[in-house]
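Architecture at a glance
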Amino acid sequence: MSLPPFQFVPQNISPNQPVMYPLPTGGYVLGYPYPTGTTDLPQTQTFGNQFAFPSPQPFYFPYQQQVSSPSPQSIQFVQQPIQIVQPSQPIQMMQPVQSPIQFLQAPQFIQQPLAQYAQQPIPQLVQQPVPRIVQQEQTTLVPVETIPVNSVQPIQESSEHHSCSHSHEHPCQTQESSNQDAKTKSCQGNCKTGGCKKNSARLAARTKKAVADGEIFSITINGVKYTETTIDPEMSLVEYIRSVAHLTGTKKSCGEGGCGACTVTLSYYDETIKNTVDVSINSCLRPAIACNGMEITTVEGLGSRETGYDDIQQRLADFNGTQCGFCSPGWVMNMHSLLQRNSSPSQEEVEKYFDGNLCRCTGYRPILTAFKTFATSVSDSPNVKAAPVGCKGIPDIEELMKKKFSLYECKKSEQTKNKLLNRPKPSTVVFDGITWETPQSLTELYSLLDKYDPSTTKIVLANTSSGIYKDLNPTVYIDLQYISDLKQYTIESNGVRFGSTVVITDVIDIFTKLQSTLSSTQGAFLGPLLHHLYRVASSQIRNAGSIGGNLMMAHNFFFTSDIYVALMGLGATLKVGSSSGTVSGINFSDFYSYNMSRKVLLEIYVPFSVQNQTYNCYKEALRHVFAHSLINGSCSIIVDPSTNIVKSQPTLAFGGLQQKITRMTKTEQYLVGKNITSSSTLSGALSTLNTEAVPDSSFGRDAYRKNLVLAFFYKFYLSLVPNLSSQLVSATQLYDRGVSGGTQSYTTNPSEYPVSKPLIKLGSIEQTAGEAEYTEDMSVPNGTLYAAFVITEQANATISSIDPSAALGMTGVVAFISAADVPGANDGGNDVPLFATTTSLYSGQSVGLIIADTQRHADEAAKYVVIKYTNIKTPILTIDEAIAHKSFFPVPEKTYNSPIEQGDISLGFAESDHVIDGTTYVDGQYHFHLEGQTVLVVPQDDGSVQVYSATQATKTVQAVVAGALGANYSNVEVSVKRCGGGNGGKLTNSAFVAGCVSVASHKLGVPVRAVVDLNTCMRMLGKRHPIKMQYKAGFMNDGTLKSLYIQTWIDCGCSTTDSTFEAFALVKNLDNAYNWPNFKVEARLLKTNLPTNTSCRGPGWVPSVFFAEHVLEHIATYLNNPSLPAYVIKRKNFYKAGQVTPDGCTLTYWNLDQVYDQLLTDSDFYNRYQQVQAYNASNYWTKKGLGVVPLKWGVYWTGNHHNALISIYGDGTVSVSHSGVEIGQGIDTKVAQTVAYELGIDMSLIKIEKTSSLTSPNTTPTGGSTTSGLCSQAAILCCDELNRRLAPIKILRPKADWQEIVSTALTLGIDLQVASSTHPGSAAQGGTVQYNCYAAAITQVHVDILTGRLDIERSDLLYDCGTSLNPTVDIGQVEGGFVFGLGYYTSEQLFYDTTTGTCTTDGTWEYKPPSAQDIPIDLRVSLLKNSSNPNGVLSSKAVGEPPLGVSCSVMFALQQAITSARSQFSASGYFDFNTPASIDQIQLSSKWTYQNFFF
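The following refers to the structure shown. The written sequence of each chain sets the order in which its residues are numbered from 1. Where totals are concerned, whole chains, interfaces and linings use all residues; where local detail is concerned, this predicted model gives features only for residues with pLDDT of at least 70, and gives and counts side-chain atom pairs only at 80 or more. Derived side-chain values reflect all non-hydrogen atoms in the structure, with water molecules and hydrogen atoms excluded from consideration.

**Here we look at the overall build of the protein chain**
When you go through the protein chain residue by residue, the secondary structure sums to 42 helices and 53 strands. Here the term buried applies to any residue with accessible area under 20% of the maximum for its type, exposed to any over 50%, and partly exposed to those in between, with areas from a 1.4 Å probe on protein chains only. Burial statistics for the protein chain: of 1495 residues in total, 64% are counted as buried. Throughout, a contact is declared for two residues whenever any of their heavy atoms are within 4.5 Å. Long-range contacts, defined here as pairs at least 24 residues apart, represent 78% of the contacts in the protein chain between residues at least 6 apart. Carbon together with sulfur atoms contributes 49% to the accessible area of the protein chain, which is approximately 50400 Å² in total. Every helix listed is a DSSP run of H or I at least four residues long, and every strand listed is a run of E at least two residues long, numbered separately from the N terminus. Using a 1.4 Å probe, the Shrake-Rupley method yields the accessible areas, and only the shown protein chains count as cover for residues.

**Quick notes on the pairing of strand β52 (residues 1350-1359)**
In terms of burial, β52 is a largely internal element, ten of the ten residues being buried. Here a strand pair is declared whenever DSSP counts at least two bridges between the two strands. Bridge count for strand β51 (residues 1331-1344) against β52 is nine bridges, and the pairing is antiparallel. The residue of β52 that forms the bridge with H1342 is D1351. In sequence, β51 turns back onto β52 through a hairpin of five residues, with G1348 there showing a positive phi of about 90°.

**Some points on the sheet that holds strand β46 (residues 1202-1208)**
Spatial ordering of the open sheet is given by β48-β47-β46-β50, a layout of four strands whose pairing is mixed. Where the open sheet ends on each side, the last strands, each with one partner, are β48 (1246-1248) and β50 (1313-1318). With direction set aside, neighbouring strand axes in the sheet form an average angle of 20°. Note that strand β47 (residues 1214-1218) and β48 share three bridges and pair parallel. Residue pairing across strands places V1214 opposite I1246, the latter belonging to β48. Note on method: axes are straight lines fitted to C-alpha atoms, helices fitted across the in-contact stretch only, with angles between N-to-C directions ranging 0 to 180 degrees.

**Things to note about helix α25 (residues 855-862)**
Most of α25 sits out of view: seven of its eight residues are buried. Taken together, the buried positions of α25 are occupied by Q855, R856, H857, A858, E860, A861 and A862.

**Some thoughts on the packing of helix α14 (residues 526-533) against helix α17 (residues 562-570)**
Closest axis-to-axis distance for the α14/α17 pair is 10 Å, and the angle between their directions is 170°. Overall, the two elements α14 and α17 adopt an arrangement that is roughly antiparallel. Once α14 is placed against α17, the crossing between them reads as left-handed. Where α14 abuts α17, its residues L529, H532 and L533 lie against D562, I563, V565, A566 and L570. Amino acids are sorted into nonpolar (Ala, Val, Leu, Ile, Met, Phe, Trp, Tyr, Cys and Pro), charged (Asp, Glu, Lys and Arg) and polar (every other residue, Gly among them). Across the contact of α14 with α17, the residue classes break down as six nonpolar, one polar and one charged. Roughly parallel means an angle under 35 degrees; roughly antiparallel, over 145; roughly perpendicular, 65 to 115; everything else is oblique. Here is the rule for handedness: rotate from the far helix to the near one, and if that takes an anticlockwise turn smaller than a right angle the crossing is left-handed, while a clockwise turn gives right-handed.

**Details of the environment of L533**
Mapped onto the elements, L533 comes out in helix α14. Here L533 falls in the buried class, since its relative accessible area comes to 4%. Remark: the alpha-carbon pair of L533 and I504, spanning 29 residues in sequence, is separated by 8.1 Å. The contact partners of L533, leaving out residues within four places of it in the chain, are V507, I508, F511, R542 and I563.

**Describing the nonpolar core**
Across soluble globular proteins, you tend to see nonpolar side chains buried next to one another. Take the buried Ala, Val, Leu, Ile, Met, Phe, Trp, Tyr and Cys residues and link them wherever side-chain atoms come within 4.5 Å; each set so joined is a nonpolar core. Residues W331, F371, I851, V947, W1076 and W1181 are the most contacted members of the largest nonpolar core, which totals 243 residues. A per-element tally of this core places helix α21 (residues 702-720) first, with twelve residues. Every residue in contact with W1076, bar those within four places of it in the chain, is listed here: Q902, A1033, G1034, L1041, K1042, S1043, L1044, V1111, L1112 and I1115. In this structure, V502, L514, L574 and Y615 belong to the second largest nonpolar core, which totals 43 residues.

**Considerations on the pattern of salt bridges**
Between side chains of opposite charge, pairing is possible as soon as their charged atoms come close. Every case where a carboxyl oxygen of Asp or Glu lies within 4 Å of a side-chain nitrogen of Lys or Arg is listed as a salt bridge. In the structure shown here, the tally under the stated rule is 46 salt bridges. Of the charged contacts, one joins E766 and R305 as a salt bridge, the two residues approaching to 3.7 Å between their closest N and O atoms. Pair noted here: E766 is in helix α23 (residues 764-768) and R305 is in the loop between β13 (295-297) and α6 (311-318), with a separation of 461 residues, a long-range link. Overall, the relative accessible area of 21% leaves E766 in the partly exposed class. For K1068, the salt bridge identified is with D1143, shortest N-O distance 2.5 Å. Of the two residues, K1068 is situated in the loop between α31 (1059-1067) and β44 (1078-1086) and D1143 in the loop between α33 (1126-1132) and α34 (1152-1162); the sequence distance between them amounts to 75 residues.

**Quick notes on the packing of aromatic side chains**
The description of an aromatic ring pair uses the distance of the two centres, along with the angle that the planes make with each other. Here a Phe, Tyr or Trp ring, Trp counted by its six-membered ring, pairs with any other such ring whose centre lies within 6.5 Å, and the pair is stacked when the planes are under 30 degrees apart, edge-to-face when over 60, and tilted otherwise. Across all of its chains, the model carries 54 aromatic pairs by this definition. When the ring of F1134 is compared with that of W1150, the centres are 6.4 Å apart and the planes differ by 80°; the resulting orientation is edge-to-face. Of this pair, F1134 sits in the loop between α33 and α34 while W1150 sits in the loop between α33 and α34; the two residues are 16 residues apart in sequence, bridging distant segments of the chain. Grouping residues by exposure puts F1134 and W1150 together as buried. A connected cluster of aromatic rings, assembled from ring pairs, spans Y714, Y1180, W1181, F1465, W1488, F1493 and F1494. Counted as over-ring charges are cases with an Arg CZ or a Lys NZ within 6 Å of the ring centre that also lie within 35 degrees of the ring normal. A cation sits over an aromatic face here: K1028 above W1049, 5.8 Å from the ring centre.

**Observations concerning the pairing of strand β32 (residues 813-817)**
Counting buried positions along β32 yields five of five residues, so the element is predominantly enclosed. Here four bridges tie β32 to strand β34 (residues 846-852), and the two strands are oriented antiparallel to one another. Bridging across to β34, I817 finds its partner in L849.

**Some details on the sheet that holds strand β14 (residues 429-431)**
Spatially, four strands are ordered β14-β15-β17-β16 in an open sheet, and the strand pairing comes out mixed. Of all the strands in the sheet, just β14 and β16 (457-460) have a single pairing partner and so form its edges. Adjacent strand axes in the sheet meet at a mean angle of 15°, parallel and antiparallel pairs treated alike. Sheet topology places β14 next to strand β15 (residues 434-437); three bridges connect them, and they run antiparallel.

Rendered as structure tokens:
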């Protein structure tokens, strides 16, 4: 064997010790000297950018003498830079035997050596450029820039390292292990649902060799072609885009395809239609390898600062359609996909297409408004390329709303089509034990099915099922996309045949086209079927997932498939193939029991309707769109119209009742020969169905699911009845939301511009273009490792052991970090340890971190850490359980001012005409910020650490990290530019995450990043506090309030970190708008086996409003006086100006009566109230309701500390640093407007800097809706001082412009940097209240009493914002906050396993924030005109959280509708109605039974 083709020239090396050498290709090699002249030497192995260790025969390098083989402990690092002679030929490699971590885990190498090596400085390299093959449209070669390697400064434009070999990057070899036991050890107790046996097989497979011959993969991203010689089949497209193409505009949020943040446009050539297809897909679900030969367009490919922004990006920004901005690129790309397919969609098509994109900030209205400007109905005007200008490039929303827009110009080219035609031939890929097969024909497919073990083989097309079934862990994937026989469809005389890989979107398109070609008889099924198919998943998943794949999920996993149940009702059949032949005509009922091992679904045949056939589909879910069915169904029947007799056995199929989608055969048989118009037929069928429909109790919601089957059948039956009574017709009709809309109304004061000017939020266009950098998008230093949390899965138990050995043997894993590694305090800042040691307080508690070379490797390996438990006790999970167990925290009452009391409640009750009591409850809520918990910790050369944290609380992060490391605060710098949402979830929660990761970075001596996945966040971290209220209220016959006593219990979770403030805000606001002469409220803090609950948008305030309103609604229901409805009683008992609240606040500035009265008038409430009553009288099974809620929201800022630092530069530009964090609330915009106003300059001169503990030390977290005002106040103080310093120049040179003033000041040596801070003392209005926000809301709902479906028809909000600093931003906060609250009160439910305490609603599959089709159809928001606030900053008021308070108006609208229904079933009067008012609670509260059904 020849000498290695390169040579090191060492300096200052001890000749008797081996050395770790950096290689020109990146990484290190372990070697020791060999005698000069030696020619026969072994080869060695490198491991990318990790430490690399030798195979049994180590690497030798030229030196003076041969040295005997050393002991591992004697290895040293080269301390000085080394001159490297560039290789003249490729470096020769051999396969490794031991991975780095396994080498380090040898008995003689435990712990101390690892820490010793990790703490060594990483030597710099002299690195030559490495050519990167980057092919533009004309295949132009573009070289990579030379990048100097530095151990501290970021040099890698990547969110993580990647595991594939690129022609444009340094090759990263996979690693092989001789430690078979570590990799094949079965999991014991901490496995996910994939099963221990399968996981063990997967671990064993991971030891196999990577195989690749030449170029096997290519993909074009934004016109740049990337080619690979090998690729990890399990690398998702979003990971490839971010870590290989280094494009960070595409976000990964949920990782389940459930939020749309990862949306990109996929372009491919469809052989069926002989043309290119452009579709939006979820890049987090699709493997990159499944995009071979295709083209991807990301948000960066549409437009940028350098190339000019695309119309989609510009309009979304201009219409204020972005707040935190994390979701914005996904919205942009989904719109781009729609316009590529249809350049002139209708407004309805635009709204329908966004069923797969979530936004937690805006409330959706401005997004939909922006995108509907591309619809045909609003695009018949001259093109508007640039937005109107408010302040030198900052759009003015008032002017923008006057404009009209032209059609979108699609950018397709024949060149793109030709390029996609020349798709590379796929080949087998084996990487790290995972095989990806791409058969070209059915023959090849059958051969592969016979070859591989079915239990570890997964057949895929787009892999969309991985969003639900994450832990299958196959070792073989078979990709069907190249088999053209499966992509075909054929329209026949009596039906249509679909190949199994026809995507669902195409199925919908085919059926849509058939509507215009089939006769009314044959096409009768199309309307109901198409409506049903549009509710399948989301547009992104329908674009990628196939009809066959959806059916196979039902077969393999008993998935409640909407397609399966719909086609079962039509009598569709299936064709299956294998190497043994094909079988046709399989019906859907039999398919469940059909053995599909080594077989594939080939074809689906869907027959057309026949004469006199009636067909319909049904579905109800937790949310209108993109939510799996709780129950779905399809019914088909043939009735003789002349006799109304059922001619043959109908089909009544229902899913979600049992594991399998089941036909109600007994009920079907009963109906044969019966007369539909006979009431006995209905009663007999219902009685039979009631007996036959037995729900599987493991699904939950048993009573609702059974009721829903009965309701669906009843709806279907009513549709068959001729001349149906008018009061029953609405029960048979689909509710048509139509196109949503709204209005926004406000006034401004031009004399104060740019303050109060309606400008678009700063950074909006950067967000919509994907240019805004979030913490996860930051470049990371070379050698950065990644952390994933290891969490418990059993609450209230003793931890007997934690075994990471299986995880440590997995690909890329470097270390396991636990409590033993914490150098300081093992305290997460929330009275819970960073890493649990002996006790698992709750399921989801952190016990350690897995550290690996990529985030994916860390996340995957964390699942294999085995935790065992003893002394398991039943967890306490609810308030009632905690009360029963007397599980109270002994928190001193004075810490949260409980009780609050005025008057004499006993005397008040004695003087009352009526006294009632009741109980109600509000549940928790997950913050659901789309940017997950993210932190990067970078050790510095002076022993300090730099922490980049997605946090609302830099001070808290600094304190927790310093405590964990045993360091001074001055050695911990925390910075953040922006957060992708917060909602309170990035206060103590982000500090806990940062503290844990800082321990890992300290232990290993390298930068460590963690991007915590959604499932872990929802299990490990706290949420909004659940609260129970018990009350006793006294009042007079005329509704006058006399006395109120309230006892509340607050579920703190396992500690009280944020709970005392929750109690403080709760008890101080439980009066809301009402003057109770005698009033007392108390709060108790409860301990449960849940994560430490934390602040969530409007903590304490939001539930206090609901509780106060609930009492008033109960009083109105009790009195049952038509002249005293709830809205009258509320108005009658308002405070009056000058009165004092129980908290001691004097209501000097009181205008809620004005707000309330104006809203009732402007919204036409009184006429609408009568219309609702009339509707309810004329419709038996659908009802409407109107809910009215006033709001008094006390704003507290006493003791808050915020600051600002302003610097004026020589060119006149100004930089501003402040202590607030931009989380979408527009704080940067308001501060910039304030500075521009105070200095008298244009906003274009102002730049807002990142928030840092260095420039803003010891400051209060961003929250409470006060940070924007207080930071603006701090900025005003800075400007006052700057103006004072510049005043003499302005006097001496009155005509000088700003630039001349600044230049003169600098010439005179005037300091143009000023820092200032605010630290408010006593509250302006007495008590603890600085001022009050006032608002009112009216919400109108439509309810299907049979199913519980809720549609919010209209909401009107009037908000007193004082003098708004920016009406555009504030309107957005009102809308977004209101919709956030709608989710809290309706669709967002948290469930926990009663045995383990594990959160079972830990992802987008079960947890459902509102979608764009759940918001009010008509949303009207106004800011009170001519308002002011003497106690606010520049007369403004807080706006981020108070609008949530009035969102409970939906609850009382629902109560009104349900009360109307209950009166029909002898269930009138008050009833308990707790939050959230989910679809099942709405239906069950109506109190109907199937005996109430009639026609």
